[in-house]
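As a plain string of letters, each chain reads:
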Amino acid sequence: MGIVDHDKLKSNYLGLVEKLGGNHAAGLVHPYVSAETIEDVSVSSSFIQYDREFTFFGDEAFERGGHERGPSPIRYFLSGIAFCMLGWYAKGAAFADCEVEGMRMNITTHLDLRGEHGFEDKPVHIQWLVFDIHVDSPSSADSVLAMIDWGDARCPLGAFSRRAVPVYTMVNHNSTKIRDTVPRRV
């Protein structure tokens, strides 16, 4: 038995597609957060979702002016991408008829801190992302890749990332690499 309920996710997805097809306004959302400086570079972010409040704390290392009250902003950014991607892969499992017994994702990037500290020849932004996906599944490799491709085509944060920087992908099926687009230099 897998960790993804195909019937539930497929029904949910198709129901929402039907609703959005008949009411375009229902698809327009405006996510928000409210962030506030606590001290120095320590920040809290809060918002209401699912009728309850969530609060997160972001910070930097002591050596970067922080108090280490929470993860750095880039860790939240990468986590947000992973949350979105894995959710869409789970939905894709239902459409690719892929049984999922385990699924995880590691995201790696490259950031040169000199850019954000004023070195003119260094970029401020991250340079690339590597999505390293691991799927434990009795399904075929083709089914796993179909699930990944289906999710990649729909995840808003994955799409945003691909527009911003080069994104490379490794897909591992039961510990066997079945896709690798990562160049040697990364």
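Residues numbered from 1 in each chain as written. Predicted model: local features only at pLDDT ≥ 70, side-chain atom pairs only at ≥ 80, totals over all residues. Heavy atoms only, no water.

(A) Up close: the overall build of the protein chain. Of the regular secondary structure elements, the protein chain holds 5 helices and 7 strands. Counting from the amino terminus, helix and strand elements in the protein chain follow one another as α-β-β-β-α-β-α-β-α-α-β-β. The 186 residues of the protein chain split such that 35% are buried. Across the protein chain, contacts joining residues at least 24 apart in sequence account for 57% of those joining residues at least 6 apart. Taken as a whole, the protein chain presents about 11,900 Å² of accessible surface, with 54% of it coming from carbon and sulfur. With 18 positive and 25 negative side-chain charges, the protein chain shows a spacing of 5 Å between the two charge centroids. (Helix = DSSP H or I, 4+ residues; strand = E, 2+ residues; numbered from the N terminus. Buried < 20%, exposed > 50% of the residue type's maximum accessible area, 1.4 Å probe, protein only. Contact = heavy atoms within 4.5 Å. Areas by Shrake-Rupley, 256 points an atom, 1.4 Å probe, with all protein chains shown as cover. Lys, Arg positive; Asp, Glu negative; His and termini not counted. Charge placed at Lys NZ, Arg CZ, Asp CG, Glu CD.)

(B) Up close: the environment of Phe131. With respect to the element layout, Phe131 can be found in strand 5 (residues 129–136). Exposure remark for Phe131: the relative accessible area of 0% places this residue in the buried category. Each C-alpha atom of the pair Phe131 and Ala82 lies 8.5 Å from the other, and the pair is 49 residues apart in sequence.

(C) Looking closely at the layout of surface pockets. Put simply, the largest pocket is a space of about 1,300 Å³. If you go around the largest pocket, you meet 30 residues; those closest to its centre are Pro31, Phe47, Gln49, Tyr50 and Gly80. Mapped by element, the contributors of at least two residues to the lining of the largest pocket are helix 1 (6–22), strand 2 (42–49), strand 3 (52–58) and helix 2 (73–96). By residue number, the principal contributor to the lining of the largest pocket is helix 2, which donates 7 residues. When grouped by side-chain class, the residues that make up the lining of the largest pocket number 20 nonpolar, 9 polar and 1 charged. Every residue along the wall of the second largest pocket is listed here: Glu60, Arg64, Ser72, Pro73, Ile74, Leu111, Leu113 and Glu116. (1 Å grid on protein atoms, 1.4 Å probe; cavity = no way out; pocket = protein on both sides within 12 Å on 5 of 7 lines; lining within 4 Å. Points joined across faces, edges and corners; volume = space filled by probe spheres on them. Nonpolar A, V, L, I, M, F, W, Y, C, P; charged D, E, K, R; others polar.)

(D) Region of interest: the pattern of salt bridges. Overall, the coordinates contain 8 salt bridges when judged by the stated rule. Here Glu116 ties to Arg64 by a salt bridge, and the two come within 2.6 Å at their closest N and O atoms. Placement of the pair is Glu116 in helix 3 (residues 113–116) and Arg64 in the loop between strand 3 and helix 2, with a sequence separation of 52 residues. Between Asp112 and Arg114 there is a salt bridge, and its shortest N-O distance comes to 2.6 Å. Sharing partners across several salt bridges, the network here consists of Glu60, Arg64 and Glu116. (Salt bridge = Lys/Arg side-chain N within 4 Å of Asp/Glu carboxyl O.)

(E) Focus on unusual backbone geometry. Although it is not a glycine, Asp51 adopts a positive phi angle of roughly 65°. Inspection of the secondary structure puts Asp51 in the loop between strand 2 and strand 3. The exposure class assigned to Asp51 is exposed, which follows from its relative accessible area of 80%. Backbone geometry at Asn174 places phi at a positive 50°, although glycine is not the residue there. Mapped onto the elements of the fold, Asn174 is located in the loop between strand 6 (167–173) and strand 7 (176–180).

(F) Up close: the packing of aromatic side chains. Evaluation of the coordinates by the stated rule reveals 9 aromatic pairs. Here the aromatic rings of Trp88 and Trp150 are separated by 5.9 Å at their centres, their planes lie at 40°, and the arrangement is tilted. Of this pair, Trp88 sits in helix 2 while Trp150 sits in helix 4 (residues 141–152); the two residues are 62 residues apart in sequence, bridging distant segments of the chain. Owing to a relative accessible area of 17%, Trp88 belongs among the buried residues under this scheme. Between Phe95 and Trp150 the ring centres are 4.8 Å apart and the planes differ by 10°, which places this aromatic pair in the stacked class. Separated by 55 residues along the polypeptide, Phe95 in helix 2 and Trp150 in helix 4 bring together distant segments of the chain. Cluster of aromatic residues (ring-pair linked, three or more members): Phe47, Tyr50, Phe54, Phe56 and Tyr76. Between the NZ or CZ atom of Lys91 and the centre of the ring of Trp88, over which it lies, the distance is 4.0 Å. (Phe/Tyr/Trp six-rings, centres within 6.5 Å; stacked < 30°, edge-to-face > 60°. Lys NZ or Arg CZ within 6 Å of the ring centre and 35° of its normal.)

(G) Main features of the packing of helix 1 against helix 2. Closest axis-to-axis distance for the helix 1/helix 2 pair is 8 Å, and the angle between their directions is 100°. Judged on the interaxial angle alone, helix 2 and helix 1 are roughly perpendicular. Every residue of helix 2 that contacts helix 1 at His6, Leu9, Lys10, Tyr13 and Leu14 is listed here: Trp88, Ala90, Lys91, Ala93, Ala94 and Phe95. Grouping the amino acids of the contact of helix 1 with helix 2 by side-chain chemistry returns 8 nonpolar, 1 polar and 2 charged. (Axes fitted to C-alpha atoms, helices over the stretch in contact; angles between N-to-C directions. Parallel < 35°, antiparallel > 145°, perpendicular 65-115°, else oblique.)

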